[in-house]
Amino acid sequence: MSVDTATGSSASSRASRPLAVVVLAAGLGTRMKSDLPKVLHPICGRPLLAYVLDAAAALQPERLVVVVGPEQEYDRVRAALPSTAISVVQQERLGSGDAVRAGMDPLAGFDGDVMVLNGDVPLVGEELLLRLRRHHIDCTARATITSVVLAEPAHYGRVVRDANGDVRRIVEARDASPEERAVAEINVGFYVFDAAELRRFLPSLTADNAQGEYYLTDLVHRFLEAGDRVADFLTADVEASMGVNSRVELAGVTAIMRARILERLMLDGATVEDPSSTYVDWGVTVGRDSIIRPQTMLTGATTIGERCIVGPGCVLQDAIVDDGASVVSSHLVECRVGRDCTVGPFAYIRPRTELAEGAKAGSFVEIKASRVGRGSKVPHLSYIGDTTIGEGTNIGAGTITANYDGERKHPTTIGDGVKVGSDTVFVAPVSVGDGAYTGAGSAITKDIPPDALGVARGKQENIEGYAQRRRLPTRDDG
Ligand code: UD1
Ligand code: CA
């Protein structure tokens, strides 16, 4: 039994052999009990298959083939593939061996090594795959399998060895005898094959097993029968070997990926106060000296600048937060928060909103598809929609832009240095000139020119002695 080591190897002429990678991703994943194909289930914001494809692409193979299912959802996968990658559809899900058969179609005439990767093992990294390839070359093998020893080998295929310790075959858990099931060494699902030999043996696979599927793993026995050398690459990397077959495994792998993402952010200079309650998607960036406070989710294409404070209690989805901004207990979606802005607590900043430098969106404020100019403030209890606010403007508490007439949305334009009185309703479309004021409690339906005061409310009338009269005569209601 040879053990995986990261150390160098003898230079071999085979090292220059061309490499193709085939990623198997067509399986339905019955155990997921889902309408979504398994490899498309997201882990930290991207399909789990994407991680395997990253590792595969990092090897810079001459050809990268992805075997996908016929569902329309796979269009998303195809769209995300590197331009050099080729996708093939496995129309009928007849097993991993059949999937390789489909994957070899675009490799007709290819001569070299074919690395086959299960698409449902997302924690694998390029480093492990490089070592696998090196091992295959060093062993001058025709086929190399990857194995790991697990405390609980569960549903994985077992690596069966003979008395000399040589690999004899791989047996699926469901087809294994009790003695075979007791074996703790399992098949990880990363292989390297000589292309010509792989082509030779694929047609010999049968579906004569518990699952009625063409097992890729049966190839090991075929190679050995023909006298081909099969090498084993035994890794100690248990995490890289974790397959996702159920939602329980999905959660386990997600937890590890999440921890890795947070670790990367911290090593790059961001403070994560409580990693156990912080969720950050793959690809999110956080600048130096920013602090992510507890109970915070940063998802999608979110980008946080330097020296920001985000949290506690924030959800940011596809949000851009510029340097020095602070966002507290708020929900932000597809928006941009400029330099040194303050948001929250309890703000909801919706798509197509931009807060310019130093702007404020305070407590119980909802802003949609609007621009708030430099240094302008919407401090309390407001709804601002389809609105452009200039610079240095203050929006009084309780201001509402009535942007919807029941059929269409209308814009509100508010200039620079405007003082909006509390509880103003702007009935859009309407515009307010620079330096203007509105009276508190006004329903503004007409444009206000620059420097004017717009007031639109009923005149106050005081009825003297009202309360006294109301209290008399005293009635006994019993
Ligand atoms: C497979 C291995 C098992 C190994 C385990 C490691 C086989 C027969 N067994 O088991 O020895 O321990 O992976 O995780 O390969 N696929 C297709 N088309 C199909 C069927 C499967 O593309 O018709 C793809 C799947 O998307 C997946 C891979 O092949 O990426 C493996 O299939 P899966 O059904 O997950 O096999 P396991 O039972 O996990
Ligand atoms: Ca699997």
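In this report, we go over the structure that sits alongside the text. What you see is a predicted model, and the numbers here were worked out from it, not measured in a lab.

## As for the pattern of salt bridges
Two side chains carrying opposite charge are able to pair once their charged atoms lie near each other.
Item 1. The full count for this structure, using the stated rule, is 25 salt bridges.
Item 2. Salt bridges sharing common partners tie together R17, D113, R133, R142 and D194.

## Some words on helix α3 (residues 96–104)
Counting along an α-helix, one turn takes 3.6 residues, and residues three or four places apart therefore face a common direction.
Item 1. Of all nine residues in α3, seven are buried; the element is thus mostly enclosed.
Item 2. Looking only at α3, the buried set comprises G97, D98, A99, V100, A102, G103 and M104.

## Thoughts on a nonpolar patch on the surface
Item 1. On the surface, F346, F364 and L381 cluster together to form a nonpolar patch covering roughly 340 Å² of accessible area.
Item 2. When you line up the elements, F346 lands in the loop between β24 (342–343) and β25 (347–349).
Item 3. For F346, a relative accessible area of 47% puts it in the partly exposed group.

## Quick word on the coordination of the calcium ion (ligand 2)
When four donors bind a metal tetrahedrally, each ideal donor-metal-donor angle is 109.5 degrees, and when six bind octahedrally, the ideal angles are 90 or 180 degrees.
Item 1. Protein ligation of the calcium ion (ligand 2) involves D120 (OD) and N245 (OD1), the donor distances falling in the range 2.2 to 2.5 Å. With a gap of 125 residues between them, D120 in the loop between β6 (113–118) and α4 (126–138) and N245 in the loop between β11 (230–234) and α8 (247–267) connect regions that are remote in the sequence. The exposure classification of D120 matches that of N245, with both residues buried.

## Description of the packing of aromatic side chains
Item 1. Within this structure, the stated rule accounts for five aromatic pairs.
Item 2. A centroid spacing of 5.8 Å and a plane angle of 15° characterise the contact between Y191 and F193, whose relative ring orientation is stacked. Across the pair, F193 and Y191 agree in class, each one buried.
Item 3. Relative to F364, the ring of F346 has its centre 5.3 Å away and its plane inclined at 20°; by these criteria the two rings are stacked. With F346 in the loop between β24 and β25 and F364 in strand β27 (residues 360–368), this pair connects stretches of sequence that are 18 residues apart.
Item 4. Counting every residue linked through ring pairs, the aromatic cluster contains Y191, F193, F201 and F223.
Item 5. One residue, R46, lies across the ring of Y51, its end atom 4.8 Å from the ring centre.

## Brief notes about the sheet that holds strand β36 (residues 430–432)
Item 1. Pairing in this open sheet of nine strands is parallel, and the strands run β14-β17-β20-β23-β26-β28-β30-β33-β36 from one edge to the other. If you trace the sheet from one side to the other, it starts and ends with β14 (285–286) and β36, each paired once.
Item 2. Inspection of the sheet shows strand β28 (residues 371–372) paired to strand β30 (residues 387–389) by two bridges, in the parallel sense. When the sheet's bridge partners are listed, R371 is paired in β30 with T388.

## A word on unusual backbone geometry
Item 1. Put simply, G344 and P345 share a cis peptide bond, and its omega is 0°.
Item 2. Along the chain, P345 turns up in the loop between β24 and β25.
Item 3. A428 connects to P429 through a cis peptide bond whose omega is 5°.
Item 4. Note on placement: P429 falls in the loop between β35 (425–427) and β36.

## Side note on the site of ligand 1
Item 1. By nearness alone, 23 residues border ligand 1, and L24, Q90, S96, E172 and N187 come closest of all.
Item 2. One of the backbone nitrogen or oxygen atoms of G157 is found 2.8 Å away from an oxygen atom of ligand 1.
Item 3. The separation between an oxygen atom of ligand 1 and a polar main-chain atom of N187 is 2.6 Å.
Item 4. In isolation ligand 1 exposes 730 Å². Once the protein is present, 93% of that is buried.
Item 5. Every element with two or more residues in the shell around ligand 1 is listed here: α3 and β10 (185–194).
Item 6. Grouping the amino acids of the shell around ligand 1 by side-chain chemistry returns eight nonpolar, ten polar and five charged.

Thresholds, definitions, all that
- Residues numbered from 1 in each chain as written.
- Chains lettered and ligands numbered in written order.
- Predicted model: local features only at pLDDT ≥ 70, side-chain atom pairs only at ≥ 80, totals over all residues.
- Heavy atoms only, no water.
- Salt bridge = Lys/Arg side-chain N within 4 Å of Asp/Glu carboxyl O.
- Buried < 20%, exposed > 50% of the residue type's maximum accessible area, 1.4 Å probe, protein only.
- Helix = DSSP H or I, 4+ residues; strand = E, 2+ residues; numbered from the N terminus.
- Patch = residues over 30% accessible without salt bridge, like charges linked within 9 Å, V, L, I, M, F, W, Y side chains within 5 Å.
- Areas by Shrake-Rupley, 256 points an atom, 1.4 Å probe, with all protein chains shown as cover.
- Donors = N, O, S within 2.8 Å, 3.2 Å for Na, K, Ca; no water.
- Phe/Tyr/Trp six-rings, centres within 6.5 Å; stacked < 30°, edge-to-face > 60°.
- Lys NZ or Arg CZ within 6 Å of the ring centre and 35° of its normal.
- Pairing = 2+ DSSP bridges.
- Near = heavy atom within 4 Å.
- Polar contact = N/O pair within 3.5 Å; in protein donor to acceptor, adjacent residues only side chain to side chain.
- Nonpolar A, V, L, I, M, F, W, Y, C, P; charged D, E, K, R; others polar.

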